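# Inside the fold
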Amino acid sequence: RYALRGQNVSVISYADQRVELLYANEILPFIVFDSHQPPLLPLDEKQINICVDEIVKKRQPTEKYRPPPTHPWRGYSKPAPSGTGHARQT
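What comes next is a walk through the structure. (Residues numbered from 1 in each chain as written. Predicted model: local features only at pLDDT ≥ 70, side-chain atom pairs only at ≥ 80, totals over all residues. Heavy atoms only, no water.)

## A few points about the overall build of the protein chain
Assigned secondary structure in the protein chain consists of one helix and three strands. Listed by position from the N terminus, the elements making up the protein chain come as β-β-β-α. Relative to its 90 residues, the protein chain shows a buried fraction of 3%. Once local pairs closer than 6 in sequence are excluded, the contacts in the protein chain between residues at least 24 apart make up 9%. Carbon and sulfur atoms make up 56% of the accessible area of the protein chain, which amounts to about 9,900 Å² in all. (Helix = DSSP H or I, 4+ residues; strand = E, 2+ residues; numbered from the N terminus. Buried < 20%, exposed > 50% of the residue type's maximum accessible area, 1.4 Å probe, protein only. Contact = heavy atoms within 4.5 Å. Areas by Shrake-Rupley, 256 points an atom, 1.4 Å probe, with all protein chains shown as cover.)

## Brief notes about a nonpolar patch on the surface
A contiguous nonpolar patch, built from V11, V19, F30 and V32 and spanning about 360 Å² of accessible area, is present on the exposed surface. With respect to the secondary-structure elements, V11 resides in strand 1 (residues 10–13). For V11, a relative accessible area of 59% translates into the label exposed. (Patch = residues over 30% accessible without salt bridge, like charges linked within 9 Å, V, L, I, M, F, W, Y side chains within 5 Å. Salt bridge = Lys/Arg side-chain N within 4 Å of Asp/Glu carboxyl O.)

## A closer look at the sheet that holds strand 1
Strand order in the open sheet formed by three strands is 1-2-3, with antiparallel pairing between adjacent strands. What marks the edges here is a single partner per strand, and that holds for strand 1 and strand 3 (26–28). Direction aside, the axes of adjacent strands within the sheet are offset by 40° on average. The pairing of strand 1 with strand 2 (residues 19–23) spans four bridges and is antiparallel. If you follow I12 over to strand 2, its bridge partner there is E20. (Pairing = 2+ DSSP bridges. Axes fitted to C-alpha atoms, helices over the stretch in contact; angles between N-to-C directions.)

## What to know about the packing of aromatic side chains
One pass over the structure, following the stated rule, counts zero aromatic pairs. Above the plane of the ring of Y14 lies R18, whose end atom (NZ or CZ) is 4.2 Å from the centre. (Phe/Tyr/Trp six-rings, centres within 6.5 Å; stacked < 30°, edge-to-face > 60°. Lys NZ or Arg CZ within 6 Å of the ring centre and 35° of its normal.)

## Section: the pairing of strand 2
The turn linking strand 1 back onto strand 2 is made up of five residues, and Q17 within it adopts a positive phi angle of 75°. Summarising the sheet, strand 2 and strand 3 pair through three bridges and their orientation is antiparallel. If you follow L21 over to strand 3, its bridge partner there is L28.

## Describing the side chain of E20
Among the structural elements, E20 can be located in strand 2. Only 3.0 Å separates the side chain of E20 from the side chain of Y14, close enough to count as a polar contact. Those residues in contact with E20 that lie beyond four places of it in its chain are S10, V11, I12, Y14, I27 and F30. (Polar contact = N/O pair within 3.5 Å; in protein donor to acceptor, adjacent residues only side chain to side chain.)

Below is the structure:
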């Protein structure tokens, strides 16, 4: 919001660790960035390949899911024959 440039914004800190930003009787949305996180170091080509391979392994399913015999999808009955397509007896 460019309207907030140079304006005073009230920071309200509650006892339960919540924080709100207030400007002109309006609560402003905000994102808290944790400044205590160490910066990520750049990776070389070998390290990137290893990291990508690990992520791909985690995303691949280990076993194909098959619903159990009691699953509702398995409870559908077979459709009744319509009688069409049968050979006529003469």
